[in-house]
Amino acid sequence: MTRQRTRSVDIIEAASRAFERMAGWIFDHRVIVLAACAALVTTSAIYTAGIRVDNSFEAYFDTEDPHYSAYTEFRGYFGSDEISYILYEAPAAPEGVWNLEVMRKIADLGDAIERDVPFVKEVTSLANVELMDAVPDGIRIYALTDDFPETQERLLDFKRKILGREMYVGGLASADGAYAALIVEMAKSSVDPIAELRVDPARGNDIDNIYPQATYRAIEEILARPEYAGIAFYHTGDVALNAVVNKISARESRNLGILCFVVVSIVLAFFMRRPSGIIAPMLVVGLATLVTIGFVGFLGWNLDQMFGMMPALLISVGVADTVHIISEFRIYRAQLGDRREALCRTLYLVGAPCLLTSLTTAAGFGAMSIAPIKAISRFGAYSAFGVMAAFALTVTLVVALLSFGRRTGKVAAVETEIAQTKGSGLLQKAFDVVTRFDVRHRVSILVVAALLCAASVAGILRLEVESNFLNEFGESVPIRGTTSLVDSVMGGSLTFSYLFDAGAEDAIKDPAVLREIERVQAEADRQTDMVRKTYSIVDFLKDINQTFHDDDPAFHVIPDSRELVAQYLLLYEMSGGEEANDYVSTDYSRARLEIRSPLVDSGRMSSLVSRLDGYLAREPAVHAEASLTGMGALWLKLMTYITESQIQGFTAAFAAIAVMMCVLFRSVKLGLLAMVPNLAPVFLTLGGMGWTGVPLDYVRLLIAPVAIGMAVDYTIHHVTRYRYEFAQSGSYERALRDSLTDVGRALIITSIVLVAGFSVFTFSVMDSMVAFGLLLSTTIVMALLADFLLMPTLMMAFKPFGPERSRSGPGGS
């Protein structure tokens, strides 16, 4: 076999030679290669057994993160703060939720949940909530179930008592009395060790055997029992939201993956027109996905919502590389008539570019591994691994499969085969048009590109980081409407807390400390645009003090002395009171102020916290140290990490890919020029988001590093072939036309496949995934246009391959 060489043997040439030799070895030892691939797949399948789906906050925060550590310390004092919140109404019953029969059903429901639902600590409802009355020797703490009313009139007296206690309005009963709620507190949290979250250890990590899915499902089954007919339930809260997200993630990882395979297979069938062109790419993607899951299991990680993107992302490498290999193989099989020689020639030409595209794509993903968000960091790591696994399977398994068949054949119908592989005459004419357009309008293209990039930068400066967990669900997901209803009629479904650390045992009993808590609580209550309800130990002490003074509202204040506070709390505990324990540590050194708000945009939440922190800065707590914590605080910190992740991920991806391009092309000039058409589509997408007001959330932040890693694939294939053709002809214009003729169709097929694959996300019930799919598909189309228009004009303008030379004939010298 003979071939013309470039003037110097560089890294790409050396890699090409190595791939050429590897193709021959695979042809000669195909059985060994197939056996090795089978062993890899089998091992990966074994490691998938123990994986579970986890979308809790532990999936997003590293256990060493100081904010997460503060939260776990907070949980150590106050236990799990995760709840199921069950709003209900009985519109058909007289007196609604205050109907005597309805109340009996609610009392029975609370008992059923405590008895039959795993991981439940306690259930609080109108039927068992603590009430206080003064008695001659102290106070009496009781619940409705202690002496269940026998008449409707007695129950309505109870209604007036409940609605007269401010602490219960907006939590257990709506202000108008139309709605009521059960608050189901959990004994466990999603961040606890997995061994503690299994209902049945023998069933392992089956998703329905693990908290919170097992708890959510058990509650739903109880609410559907016929004995509770006539009551409309609306189930939300931490447990419900996390369980629904986990179920959707698990279901869509499977269903969207299958749909993606089907859609891409149809596209490949249309373009490739042969079984090998369909089976080989999809086999690579399927096996690469399995190997990646095995890698996740090997590291002891869990799957989360991010993993749902993996099948479509792996298509970017598995399909693209396989399409290039099969396209070239068909040409050289027809030209050379020898299967082994055709495979060697194919890997010589496309092996190195496929390696480079895989490395740069892996670098784009791998750059995200430095993100402070654990889910994003791990996504970057296992995606980079998956990309390289897909490449390895492409250049081994696919080549081994192509080696089967008659080694030699007729060197016939060459032109027909080449024409079919490179595209129809119409497509080749289109490439000629693109070439002439690039040559004639090179200056205009560069000017327009510069203007668009400038406008994009201005748009990027307008880009906001904002997320609303509730709005990630599509309108078709019931829990979105349920949570919105709860937020509108009750105290809100988002909780965060201020922890007051008085530094010594029993220090919380000091009236000075209690007044500081009261002062901050009053400030929070003044934030009526956001705060729906607040709770603290102060509320209980005020109620006890008022009860001791014949329910005189004038005594709904903090007791004046530490001794009286201590006596009240001791009497409360001796009388059977327990609810106050949720707001103070057992040694009374710490207390928490719980603030409930609607599940709104992170920007509004951040504004609320800024106002409260500003208040504490102006009027600091003197007798206790106040700090923000709780689930809501972690969510806000996540937004800060998103900004950091976007900047760090994009910068790292750009730097890593740019360095690789410069090294591999052995030219800083060529490497940096090749990065321009990769940055342009990313800038246009992010700039468009800024101008149209689309915020950046923890899913959309992936667009920049993922897009640049994928866009560079086009550039590498095109630039590598462009440089090769320039070495043959010495003309930038001729090299452009020849390179487009050779790789243009494969680039178009790859783009269509990727757009089709990512468009599958539009079938997701999660709006965040729909937006990601649409934005990334748009970026892919722009990347192809940049590679056909912007990249050639840059090459012709800056001449990175060297000066043009005169040609002795059509074939060049």
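**Digging into the overall build of the protein**
- Along the backbone of the protein there are 24 helices and 10 strands.
- A principal-axis box enclosing the C-alpha atoms of the protein has dimensions of 115 × 55 × 45 Å.
- When burial is assessed residue by residue, the protein has 59% of its 813 residues classed as buried.
- Long-range pairs, those at least 24 residues apart, make up 81% of the contacts in the protein between residues at least 6 apart in sequence.

**Details of the confidence of the model for the protein**
- Considering every residue of the protein, the mean pLDDT works out to 86; 93% of them sit at 70 or more.
- For the stretch residues 1-9, pLDDT sits under 50, and the model shows 15 contacts to residues farther than four places along the chain or on other chains.
- Every residue in residues 808-813 is under pLDDT 50, and counting partners more than four places away or in other chains gives 10 contacts.

**A closer look at the sheet that holds strand S1 (residues 83-89)**
- The strand order across the open sheet formed by 4 strands is S2-S5-S1-S6, and the pairing between neighbours is antiparallel. In the strand order of this sheet, the two ends are held by strand S2 (120-124) and strand S6 (232-236), each with one partner. Averaged over neighbouring strand pairs, the angle between their axes works out to 20° when direction is ignored.
- Of the pairings in the sheet, the one linking S1 to strand S5 (residues 180-186) comprises 6 bridges and is antiparallel in character. When the sheet's bridge partners are listed, Ile83 is paired in S5 with Glu185.
- Here helix H6 (residues 213-223) sits on the sheet and contacts S1, S5 and S6; the angle it forms with S6, its principal contact strand, is near 175°.
- Set on the sheet, helix H7 (residues 238-272) makes contact with S1, S5 and S6; between it and S1 the angle comes to about 105°.

**Here we look at the pattern of salt bridges**
- Inspection of every chain in the model, using the stated rule, returns 29 salt bridges.
- The shortest N-O distance in the salt bridge between Arg160 and Asp157 comes to 2.1 Å. In this pair, Arg160 and Asp157 are both assigned in helix H5 (residues 152-163), 3 residues apart and thus about one turn of the helix distant.
- Residue classification places Arg160 among the exposed positions, given a relative accessible area of 54%.
- Where Arg515 meets Asp560, a salt bridge forms, and the shortest distance between an N and an O atom there is 3.8 Å. Remark: Asp560 occurs in the loop between helix H17 (537-548) and helix H18 (562-574) and Arg515 occurs in helix H16 (residues 511-525); sequence separation between them is 45 residues.
- Among the residues examined, Arg515 registers a relative accessible area of 38% and is labelled partly exposed.
- Overall, Asp560 belongs to the exposed group, its relative accessible area being 67%.

**Side note on the environment of Val239**
- Looking at the secondary structure, you find Val239 in helix H7.
- Residue Val239 is classed as buried on the basis of its relative accessible area, which comes to 0%.
- Non-local contacts of Val239, meaning those with residues more than four positions away in its chain, are made with Ile83, Ser84, Met186, Tyr211, Pro212, Thr215 and Tyr216.

**Describing the packing of aromatic side chains**
- The final tally for this structure, using the stated rule, is 24 aromatic pairs.
- Between the aromatic rings of Phe365 and Phe379, the centroid separation amounts to 6.2 Å while the plane-to-plane angle is 90°, which identifies the pairing as edge-to-face. Placement of the pair is Phe365 in helix H10 (residues 339-366) and Phe379 in helix H11 (residues 374-402), with a sequence separation of 14 residues. The same class applies to Phe365 as to Phe379, namely buried.
- Taken together, a centroid distance of 6.1 Å and an interplanar angle of 85° make the contact between Phe431 and Phe788 edge-to-face. Of this pair, Phe431 sits in helix H13 (residues 425-440) while Phe788 sits in helix H24 (residues 767-798), and the two are 357 residues apart along the sequence. Residue Phe431 shares its accessibility class with Phe788, and that shared class is buried.
- Here a set of aromatic residues connected by ring pairs shows up, and it is made of Tyr535, Phe540, Tyr572 and Tyr583.
- Just above the ring of Phe27 sits the side chain of Arg30; from NZ or CZ to the centre is 4.7 Å.
- Taking NZ or CZ as reference, Arg30 lies 5.0 Å from the ring centre of Phe404, over its face.

**Comments concerning a nonpolar patch on the surface**
- Together, Ile46, Tyr47, Phe298 and Leu299 line one region of the surface with nonpolar side chains, adding up to about 410 Å² of accessible area.
- Tracing the sequence through the fold places Ile46 in helix H2 (residues 30-47).

**Here's the deal with the side chain of Glu579**
- Structurally, Glu579 is set in the loop between H18 and strand S9 (590-597).
- Nearest to the buried, unbridged Glu579 among oppositely charged side chains is Arg165, at 6.6 Å.
- At 3.3 Å, the side chain of Glu579 forms a polar contact with the side chain of Tyr168.

**Brief notes about a negative patch on the surface**
- A contiguous patch of negative charge on the surface is contributed by Asp108, Asp111, Glu114 and Glu227.
- Structurally, the position occupied by Glu114 is in helix H4 (residues 100-116).
- The class of Glu114 is partly exposed, set by a relative accessible area of 37%.

**Some details on the sheet that holds strand S7 (residues 494-501)**
- Here we have 4 strands laid out as an open sheet, ordered S8-S9-S7-S10, and antiparallel in their pairing. If you trace the sheet from one side to the other, it starts and ends with strand S8 (533-535) and strand S10 (625-629), each paired once. Put simply, the sheet's adjacent strands are angled 20° from each other on average, direction ignored.

**What to know about the packing of H7 against helix H8 (residues 275-298)**
- It is at 8 Å that the axes of H7 and H8 come closest, and there the two elements cross at 150°. In terms of orientation, H7 lies roughly antiparallel with respect to H8. At the point where H7 passes H8, the crossing takes the right-handed sense. Where H7 approaches H8, its residues Phe261, Val264, Ser265, Leu268, Ala269 and Met272 are matched on the opposing element by Gly277, Ile278, Pro281, Met282, Val285 and Gly286.

**A short note on the nonpolar core**
- By size, the foremost hydrophobic cluster in this structure holds 258 residues, and its most contacted members are Leu126, Met309, Phe379, Phe473 and Leu702.
- Ranked by the residues each element gives to this core, the list is headed by H11, at 15 residues.
- One finds Ile83, Tyr85, Tyr234 and Met490 within the second-largest nonpolar core, a separate group that totals 8 residues.

**So, unusual backbone geometry**
- The amide bond that connects Tyr211 to the next residue, Pro212, takes the cis arrangement and shows omega of 5°.
- In this fold, Pro212 is placed in the loop between S5 and H6.
- Of note in the backbone geometry, Asp550 takes a positive phi value of approximately 55° without being a glycine.
- Considering the arrangement of structural elements, one finds Asp550 in the loop between H17 and H18.
- When its relative accessible area of 72% is taken as the criterion, Asp550 is described as exposed.
- Within the chain, Asp551 stands out as a residue other than glycine whose phi angle is a positive 60°.

**Focus: H17**
- In a regular helix each residue adds 1.5 Å, so 12 residues correspond to 16 Å; H17 covers 17 Å between its end C-alpha atoms and thus fits that length.
- Among the 12 residues that make up H17, 11 are buried, leaving the element largely enclosed by the rest of the structure.
- Ile537, Val538, Asp539, Phe540, Leu541, Lys542, Asp543, Ile544, Asn545, Gln546 and Thr547 are the residues of H17 that are buried.
- Against strand S3 (131-135), strand S4 (138-142), H16, S8, H18 and S9 lie the buried residues of H17.

So, how was this worked out
- Residues numbered from 1 in each chain as written.
- Predicted model: local features only at pLDDT ≥ 70, side-chain atom pairs only at ≥ 80, totals over all residues.
- Heavy atoms only, no water.
- Helix = DSSP H or I, 4+ residues; strand = E, 2+ residues; numbered from the N terminus.
- Buried < 20%, exposed > 50% of the residue type's maximum accessible area, 1.4 Å probe, protein only.
- Contact = heavy atoms within 4.5 Å.
- pLDDT = per-residue confidence, 0-100.
- Pairing = 2+ DSSP bridges.
- Axes fitted to C-alpha atoms, helices over the stretch in contact; angles between N-to-C directions.
- Salt bridge = Lys/Arg side-chain N within 4 Å of Asp/Glu carboxyl O.
- Phe/Tyr/Trp six-rings, centres within 6.5 Å; stacked < 30°, edge-to-face > 60°.
- Lys NZ or Arg CZ within 6 Å of the ring centre and 35° of its normal.
- Patch = residues over 30% accessible without salt bridge, like charges linked within 9 Å, V, L, I, M, F, W, Y side chains within 5 Å.
- Areas by Shrake-Rupley, 256 points an atom, 1.4 Å probe, with all protein chains shown as cover.
- Lys, Arg positive; Asp, Glu negative; His and termini not counted.
- Polar contact = N/O pair within 3.5 Å; in protein donor to acceptor, adjacent residues only side chain to side chain.
- Charge placed at Lys NZ, Arg CZ, Asp CG, Glu CD.
- Parallel < 35°, antiparallel > 145°, perpendicular 65-115°, else oblique.
- Left-handed = near helix turned anticlockwise from the far one by under 90°.
- Core = buried A, V, L, I, M, F, W, Y, C linked by side-chain atoms within 4.5 Å.
- Expected span 1.5 Å × (residues − 1).

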